[in-house]
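Residue-level structural notes
Chain residues, written in single-letter form:
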Amino acid sequence: MDDARQDMDEAELKQRVLYALLGPVAALALELGVTAKDTAELQQMALFHETRRRGLTLAQASDLLDVSMRTASRLSKLLKENFLSPDARHALPRRIEFMLWPAPLSEARIFQVLTDVDDPDEVSDALAVLVEEGRVERQVGRTVTYAIAGSRRRLVRDQWLSRVDALGNLAGNLANVVWARFFEGDARAFARTLTLRVRERDLPELAALYEETLWPRLAALDEAARGDEGAVSLDLSVFWAPYEALRRSPAPNSSEEESS
């Protein structure tokens, strides 16, 4: 256990970490006019969705979340009707692409590993998307396998669901960092936030820093690790925004006099 945690009760640490993460959700919910009831239901769906990602049955999810089977069934229905299809359509191809980086895999093996995917046709459809976009190649042999295409490609899809998928990736990486740093003491997890001043005319340099320097170097490191069984899989997020941009925004329906 990390020595820094010895002066804080485990239960208190868990609550404080989760509360810190819920702060941005609360700020966005207020700004978007989402009610407490709707926010709570979304949180329940997110919890249930995570149990499905981990391959739990409906009964197991009900027990773990301490909700009735009726509630679990309702959450399952809401999830499928509102979120699961878009999530699978956009996130699944990316997940499969990442799985294929170490070595080619058959469609059956991919489906076997993806315990939260119930329908093998979803895997077939995702592979078809990857092949069509040139990100994955179909290799015919004794067994048909799929492998990463010869050259690294970066596809920028300016669609709202793709942006939401990217947001999920960012939030998921944040969760990984929090878990590693607060509960595992893993020194490989790194997090820094720097608040700085930048002239308006210099903002394009931030994008150029990523496009011209950071991305090519990261792509080269990723390529060098291909086939190395000792390679460490990492998520890396780089982002910036005006300081407290959301909290500077006035609350919905509030007058200037009330906020002053």
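In what follows, the accompanying structure is described. (Residues numbered from 1 in each chain as written. Predicted model: local features only at pLDDT ≥ 70, side-chain atom pairs only at ≥ 80, totals over all residues. Heavy atoms only, no water.)

As for a negative patch on the surface
We apply this condition: Patch definition: residues with relative accessible area over 30% and no salt bridge; like charges joined within 9 Å; nonpolar side chains (Val, Leu, Ile, Met, Phe, Trp, Tyr) joined within 5 Å. Per-residue and other accessible areas follow the Shrake-Rupley method at a 1.4 Å probe size, with only the shown protein chains counted as cover for residues. In what follows, salt bridge is the name for a side-chain nitrogen of Lys or Arg lying within 4 Å of a carboxyl oxygen of Asp or Glu. Charge assignment: positive for Lys and Arg, negative for Asp and Glu; neither His nor the chain ends contribute. In this description, the location of a charge corresponds to atom NZ of lysine, CZ of arginine, CG of aspartate or CD of glutamate. A run of H or I in DSSP becomes a helix once it reaches four residues, and a run of E becomes a strand once it reaches two; helices and strands are each numbered from the N terminus.
Residues Asp119, Asp121, Glu122 and Asp125 make up a contiguous surface patch of negative charge. With respect to the helices, strands and loops of the structure, Asp121 is situated in helix α6 (residues 120–132).

A closer look at the nonpolar core
Where we set the bar: What we call a nonpolar core is a set of buried Ala, Val, Leu, Ile, Met, Phe, Trp, Tyr and Cys residues that are connected through their side-chain atoms within 4.5 Å. Only protein chains enter the accessibility calculation, which uses a 1.4 Å probe. A residue is then buried if its area is under 20% of the maximum for its type, exposed if over 50%, and partly exposed in between. The contact criterion used throughout is that any non-hydrogen atoms of two residues lie within 4.5 Å.
Ile96, Leu100, Ile110, Leu114, Val123 and Leu127 are the most contacted members of the largest nonpolar core, which has 15 residues in total. Only α4 (69–99), α6 and β3 (145–148) provide two or more residues apiece to this core. No other element matches α6, which puts four residues into this core. In contact with Val123, other than residues within four places in its own chain, are Leu92, Ile96, Glu107, Ile110, Phe111, Leu114 and Val117.

Digging into the pairing of β3
In plain terms, the rule: Pairing between strands is defined by DSSP: at least two bridges between the two strands are required.
Relative to β3, strand β1 (residues 105–106) runs antiparallel, the two sharing two bridges. The partner of Leu105 across the bridge, within β3, is Tyr146. Inspection of the sheet shows strand β2 (residues 136–139) paired to β3 by four bridges, in the antiparallel sense. Counterpart to Val136 in the pairing with β3 is Ile148.

Topic: the sheet that holds β3
Reading across the sheet, the three strands line up as β1-β3-β2 and stay open at both edges, with antiparallel pairing between neighbours. Two strands bound the open sheet, and with one partner strand each, they are β1 and β2.

Remarks on the pattern of salt bridges
Applying the stated rule across the entire model yields nine salt bridges. One salt bridge connects Arg135 with Glu133, and the closest N-O pair in it is separated by 2.5 Å. Given the relative accessible area of 24%, Glu133 is considered partly exposed. Here Arg226 makes a salt bridge to Glu223, at a shortest N to O gap of 3.4 Å. Taking relative accessible area as the criterion, Arg226 reaches 34% and is therefore assigned partly exposed. The network of salt bridges with shared partners includes Glu50, Arg53 and Arg54.

Focus: unusual backbone geometry
One non-glycine residue, Asp66, adopts positive backbone phi at about 60°. Following the sequence through the fold, Asp66 ends up in the loop between α3 (58–65) and α4. Asp66 sits in the exposed class, given a relative accessible area of 70%.

Some points on the side chain of Glu97
Mapped onto the elements of the fold, Glu97 is located in helix α4. With residues up to four places along the chain from it excluded, the contact list for Glu97 reads Leu130, Arg135 and Ile148.

Some points on the side chain of Ser76
As for its placement among the helices and strands, Ser76 is situated in helix α4. Note on Ser76: relative accessible area 13%, which makes it buried. The residues contacting Ser76, other than those within four sequence positions of it, are Phe48 and Leu58.

Overview of the environment of Arg94
This is how it is decided: Think of a polar contact as two N or O atoms within 3.5 Å of one another; within protein, one of them needs to be a possible hydrogen donor and the other a possible acceptor, and neighboring residues in sequence only count if both atoms come from side chains.
Along the chain, Arg94 falls in helix α4. For the pair Arg94 and Leu127, spaced 33 residues apart in sequence, the C-alpha separation works out to 9.9 Å. Beyond its immediate sequence surroundings of up to four residues, Arg94 is in contact with Arg135, Asp165 and Asn169. A polar atom in the side chain of Arg94 sits 2.9 Å from the side chain of Asn169.

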